[in-house]
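Next come the chains, spelled out residue by residue.
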Amino acid sequence: MKIVEDYPPNYEEICKHFKIRNNKYVVFTYGDTLYNPGGGHIAEDLKAHEQVHMQQQQTLGASQWWQIYLADPKFRLVQEVQAYRRQYNFSKIYPRSNRRKLLRSISQDLSGPMYGNIVNYQTAKDLIENRRALDD
Ligand SMILES: [Zn+2]
């Protein structure tokens, strides 16, 4: 996976759907490249998350994947839950308190405005911890 400090090719399209313009902390995967326009440090658990998106995009092609991802909240939820589960699993190597903090933070992200408030906080947390199946 390549990492570049630049905007993804479909940045304008993404900005039409989500309020992420000028958010330095957001990164994007498009094809085999991780775009990090803010240039911040990328934690290993976040790389694990983005690697899932890279794999997901291989099946459909990056352009097609992004079009469905932006248009269809259900598809988006499935893609993100897969990625967040991998990220949370990765964090098993972290101290317990860091892992709990990460779970809180990614549950907030998954249930928040960045993804269009697709689920509430508790559901997001249950999904990430694999206590709840995706099709419940
Ligand atoms: Zn994601």
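Residues numbered from 1 in each chain as written. Predicted model: local features only at pLDDT ≥ 70, side-chain atom pairs only at ≥ 80, totals over all residues. Heavy atoms only, no water.

Within the structure shown, the criterion is met by five salt bridges. Among the salt bridges present, the one from K16 reaches E13, with a minimum N-O distance of 3.3 Å. With K16 and E13 both in helix α1 (residues 11-17) and three residues apart, this pair spans about one turn of that helix. For K16, a relative accessible area of 64% corresponds to the exposed category. Classification of E13 as partly exposed rests on a relative accessible area of 35%. A salt bridge links K125 to E129; the nearest nitrogen and oxygen atoms lie 3.5 Å apart. With a relative accessible area of 23%, K125 lands in the partly exposed category. Overlapping salt bridges, with partners in common, bring together K125, E129 and R131 in one network. (Salt bridge = Lys/Arg side-chain N within 4 Å of Asp/Glu carboxyl O. Helix = DSSP H or I, 4+ residues; strand = E, 2+ residues; numbered from the N terminus. Buried < 20%, exposed > 50% of the residue type's maximum accessible area, 1.4 Å probe, protein only.)

Positive charge collects at one region of the surface, where R96, R100, K101 and R104 lie side by side. Here K101 shows up in helix α5 (residues 96-111). (Patch = residues over 30% accessible without salt bridge, like charges linked within 9 Å, V, L, I, M, F, W, Y side chains within 5 Å. Areas by Shrake-Rupley, 256 points an atom, 1.4 Å probe, with all protein chains shown as cover. Lys, Arg positive; Asp, Glu negative; His and termini not counted. Charge placed at Lys NZ, Arg CZ, Asp CG, Glu CD.)

The next subject is the packing of helix α2 (residues 44-60) against helix α4 (residues 73-90). Where α2 contacts α4, the axes come no closer than 8 Å and their chain directions differ by 140°. The orientation of α2 relative to α4 falls into the category oblique. Our pair here, α2 against α4, has a crossing hand that is right-handed. Contact with α2, carried on its side by E44, D45, L46, A48, H49, V52, H53, Q55, Q56 and L60, involves F75, Q79, E80, Q82, A83, Y84, R86, Q87 and F90 of α4 and no other residues of that element. Residue composition of the contact of α2 with α4, by class: eight nonpolar, seven polar and four charged. (Axes fitted to C-alpha atoms, helices over the stretch in contact; angles between N-to-C directions. Parallel < 35°, antiparallel > 145°, perpendicular 65-115°, else oblique. Left-handed = near helix turned anticlockwise from the far one by under 90°. Contact = heavy atoms within 4.5 Å. Nonpolar A, V, L, I, M, F, W, Y, C, P; charged D, E, K, R; others polar.)

Coordination of the zinc ion by the protein involves H49 (NE2), H53 (NE2), E80 (OE) and E80 (OE), with metal-donor separations of 2.0 to 2.6 Å. Angles of 54 to 154° at the metal separate the four donor atoms of the zinc ion, which places the site in the irregular class. Site description for the zinc ion: donor spacing in sequence, H-x3-H-x26-E. Of the two residues, H49 sits in helix α2 while E80 sits in helix α4, which places them 31 residues apart along the sequence. In this pair, the class of H49 matches that of E80, namely buried. (Donors = N, O, S within 2.8 Å, 3.2 Å for Na, K, Ca; no water. Tetrahedral: all angles 85-135°; square planar, octahedral: opposite > 155°, others 65-115°.)

Another aspect to go through is the sheet that holds strand β2 (residues 28-30). Within a sheet, adjacent strands bond to each other through the backbone by hydrogen bonds, running parallel or antiparallel. Spatial ordering of the open sheet is given by β1-β3-β2, a layout of three strands whose pairing is mixed. Unpaired on one side and paired on the other, β1 (2-4) and β2 mark the two borders of the sheet. Averaged over all pairs of adjacent strands, the angle between strand axes in this sheet comes to 30°, irrespective of strand direction. As defined by bridge partners, β2 adjoins strand β3 (residues 33-35) across three bridges and the pair is classed as antiparallel. Residue pairing in the sheet places F28 in a bridge with Y35 of β3. (Pairing = 2+ DSSP bridges.)

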